[in-house]
Amino acid sequence: MNVLLLGSGGREHALAWKLAQSPLLERLYAAPGNPGIAEHAEIVDIAVNDHRAVIDFCLRHSIGFVVIGPEAPLVAGLADNLRTMGLAVFGPNKVPAQLEGSKGFTKDLCARERIPTAGYVRCESRDGALASLEDFGLPVVIKADGLAAGKGVTVAFTHEEAEGAVHAIFAEPGASVVIEEFLEGEEASLFVLTDGETLVSFGSAQDHKRVGDGDTGPNTGGMGAYSPAPVLTPALEARAIDEIVRPTIAALARMGAPYSGVLYAGLMLTPTGPKLIEYNARFGDPECQVLMMRYTGDLLQLMLAVAKGELAGQPAPTFAARTALTVVMAANGYPGTPETGGAIAGIERAEATGAKVFHAGTRMDGDTLVAAGGRVLSVTALGETAKAAQAAAYAAVDAIDFPTGFSRRDIGWREVARQP
């Protein structure tokens, strides 16, 4: 089978690496791809937002299956257009993708279905949002109601911070905002595959959103992650599926908008049980990297079962018992304006330690690999414990020569601290 993978980040490199291992695969194409993905796929020059060009490529190259990695094309309805042309797709259609595309859509669905989540208010104007802040204590969470690449969230600890976040959001035309109560607890990410009826768990992870050690500094798209997240115990995972994920999928099916693909539930584990922070309509980045390191099955076969509505007939996904941990190496300046063009060397040396280095924001400048974005590499390793995986990942990080880059040095710190 010929497969087209859409996307260019570390998530897509991890997916390409795993898809390339499937005996069902004949040829893998990727657009727009990156130098790491090029090790597993033929790179094609197609703009992901050009739906007609994507469809034309699929028809000309006998593509049997399309895997959509990032969220923006899902929210823009690319999966709908591909399915209209009779193509099998991994990823939800436009309406169910609003679980990520609109925080207000998700919060309203949660309210209707009595899904546990933070109290909230939606505001369409700056003045309305500023007035609504008076109804919340501190800290308070301010979210731009739309796609923000994981960075459209401010946890404000002062009134000045909260008002500043509101002003920043409404500086953009057509903006709206969701204001939420602050939830106390530890965060964890739960991944579920569903074909709209059947759902199966696809592992857990814990992301590290803040740019600096000790969870300091601004939010980013993610500076590292590990899987599994033992804090999400089997009992808590079962509660999250029964009280949060399953009602969501059932509600979308009743709306005539069944969800097909991977659904990523960001959870806060509060004293009263798991509550939904947000949904993502795709694999997380960098959570995908640690999930793919641990997944032992045939990813293409499983994704096809999701796309064809045949998930009920599949065996449960299997994962290595070991912990996977990934460290993001970012360009100096991230999450502000990153310093691009910096040379990168030593990836082969890093992988000789047993780690896997997934490319995110990279490009080739002649024969030299250089930084081409904010998050540049995801250095991923396995270990018998979180502590061992952390040590292995940082040994590989230290083997890479990237003088214009940086990384956090404490990824996995919560779980490492819990271990003897």
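For the structure, see preceding data.
Just so you know, these numbers come straight off a predicted model, no measurement behind them.

Peer 1: Describe the overall build of the protein chain, with residues and values.
Peer 2: Helix and strand content of the protein chain: 14 helices and 23 strands. The C-alpha radius of gyration of the protein chain comes to 21 Å, within 12% of the 22 Å expected for a compact globule of 420 residues. C-alpha atoms of the protein chain, sized along the principal axes, occupy 55 × 50 × 45 Å. Relative to its 420 residues, the protein chain shows a buried fraction of 57%. Long-range pairs, those at least 24 residues apart, make up 68% of the contacts in the protein chain between residues at least 6 apart in sequence. If you average the places of the 34 positive and of the 49 negative side-chain charges in the protein chain, the two averages end up 3 Å apart.

Peer 1: Outline the packing of aromatic side chains, listing residues and values.
Peer 2: A complete count under the given rule lists ten aromatic pairs for this structure. Taking the centre distance of 5.5 Å and the plane angle of 55° together, the rings of Tyr295 and Phe319 count as tilted. With Tyr295 in the loop between α10 (287–294) and α11 (299–307) and Phe319 in the loop between α11 and β17 (323–331), the pair connects residues that are 24 residues apart, well separated along the chain. What makes Tyr295 buried here is its relative accessible area of 6%. Here the aromatic residues Phe90, Phe191, Phe202, Tyr264, Phe283, Tyr295 and Phe319 are joined through ring pairs into a cluster of three or more.

Peer 1: Could you give me a rundown of the nonpolar core, with the residues and numbers involved?
Peer 2: Within the largest apolar cluster, 47 residues are counted, with the highest numbers of intra-cluster contacts made by Leu4, Leu6, Ile68, Leu82, Val245 and Leu267. With seven residues, the top contributor of residues to this core is helix α9 (residues 234–254). Discounting residues that sit within four places of it in the chain, Ile68 has contacts with Leu6, Pro73, Leu74, Leu78, Ala79, Leu82, Val89 and Phe90. Residues Leu15, Trp17, Ala225 and Leu311 belong to the second largest nonpolar core, which totals 39 residues.

Peer 1: Please provide a residue-by-residue account of α11, values included.
Peer 2: Note: α-helices contain 3.6 residues per turn, so residues at a spacing of three or four share the same orientation. Across the nine residues that make up α11, a large majority, seven, are buried. Along α11, the residues classified as buried are Leu299, Leu300, Leu302, Met303, Leu304, Ala305 and Val306. Capping the start of α11 is the job of one residue whose side-chain oxygen sits 3.1 Å from the backbone nitrogen of Leu300: Asp298. Of the residues one or two after α11, Gly309 is the one with positive phi, at around 75°.

Peer 1: Could you give me a rundown of the pairing of strand β2 (residues 27–32), with the residues and numbers involved?
Peer 2: Where strand β1 (residues 2–7) and β2 come together, six bridges link them in parallel fashion. Counterpart to Leu4 in the pairing with β2 is Tyr29. Taken together, β1, helix α1 (residues 10–19) and β2 form a β-α-β motif whose crossover is right-handed. Taken together, the two bridges between β2 and strand β3 (residues 42–43) define a ladder with parallel strand orientation.

Peer 1: I'd like a description of unusual backbone geometry, backed by residues and values.
Peer 2: With an omega of -5°, the peptide bond running from Leu138 to Pro139 counts as cis. Looking along the chain, the bond that leaves Ser227 and enters Pro228 is cis, with omega of 0°. Inspection of the secondary structure puts Pro228 in the loop between β14 (224–227) and α9. Phi is positive for Asp215, close to 55°, though the residue is something other than glycine. Considering the arrangement of structural elements, one finds Asp215 in the loop between β12 (210–212) and β13 (216–219).

Peer 1: Provide a residue-level description of the pairing of strand β19 (residues 356–359), including the pertinent values.
Peer 2: The alternating pattern of β19 places Lys356 and Phe358 and Val357 and His359 on opposite faces, both of which are buried. Of the pairings in the sheet, the one linking β19 to strand β22 (residues 375–383) comprises four bridges and is antiparallel in character. Bridge pairing in β22 links Lys356 to Thr380.

Peer 1: Could you give an account of the sheet that holds strand β4 (residues 63–68), naming the residues involved and the relevant values?
Peer 2: Pairing is parallel in the open sheet, where five strands are placed in the order β3-β2-β1-β4-β5. With partners counted over all chains shown, the strands left at the sheet margins are β3 and β5 (88–90), one partner each. Together, β1, β2 and β4 form the strand contacts of α1, whose direction differs from that of β1 by roughly 165°. Helix-sheet contacts for α11 involve β1, β4 and β5, and the interaxial angle to β4 is about 90°.

Peer 1: Could you give an account of the side chain of Arg294, naming the residues involved and the relevant values?
Peer 2: Looking at where Arg294 falls in the secondary structure, it is placed in helix α10. Of the side chains with opposite charge, Glu237 comes closest to the buried, unpaired Arg294, at an N-O distance of 9.0 Å. Sequence-distant contacts of Arg294, defined by excluding residues within four places in its chain, comprise Ser227, Pro228, Thr318, Phe319, Ala320, Arg322, Ala324 and Leu382.

Definitions and cut-offs
Residues numbered from 1 in each chain as written. Predicted model: local features only at pLDDT ≥ 70, side-chain atom pairs only at ≥ 80, totals over all residues. Heavy atoms only, no water. Helix = DSSP H or I, 4+ residues; strand = E, 2+ residues; numbered from the N terminus. Rg over C-alpha atoms; globule rule 2.2 N^0.38 Å. Buried < 20%, exposed > 50% of the residue type's maximum accessible area, 1.4 Å probe, protein only. Contact = heavy atoms within 4.5 Å. Lys, Arg positive; Asp, Glu negative; His and termini not counted. Charge placed at Lys NZ, Arg CZ, Asp CG, Glu CD. Phe/Tyr/Trp six-rings, centres within 6.5 Å; stacked < 30°, edge-to-face > 60°. Core = buried A, V, L, I, M, F, W, Y, C linked by side-chain atoms within 4.5 Å. Polar contact = N/O pair within 3.5 Å; in protein donor to acceptor, adjacent residues only side chain to side chain. Pairing = 2+ DSSP bridges. Right-handed = clockwise from strand over helix to strand, strands pointing away. Axes fitted to C-alpha atoms, helices over the stretch in contact; angles between N-to-C directions. Salt bridge = Lys/Arg side-chain N within 4 Å of Asp/Glu carboxyl O.

Geometry only, nothing functional implied.
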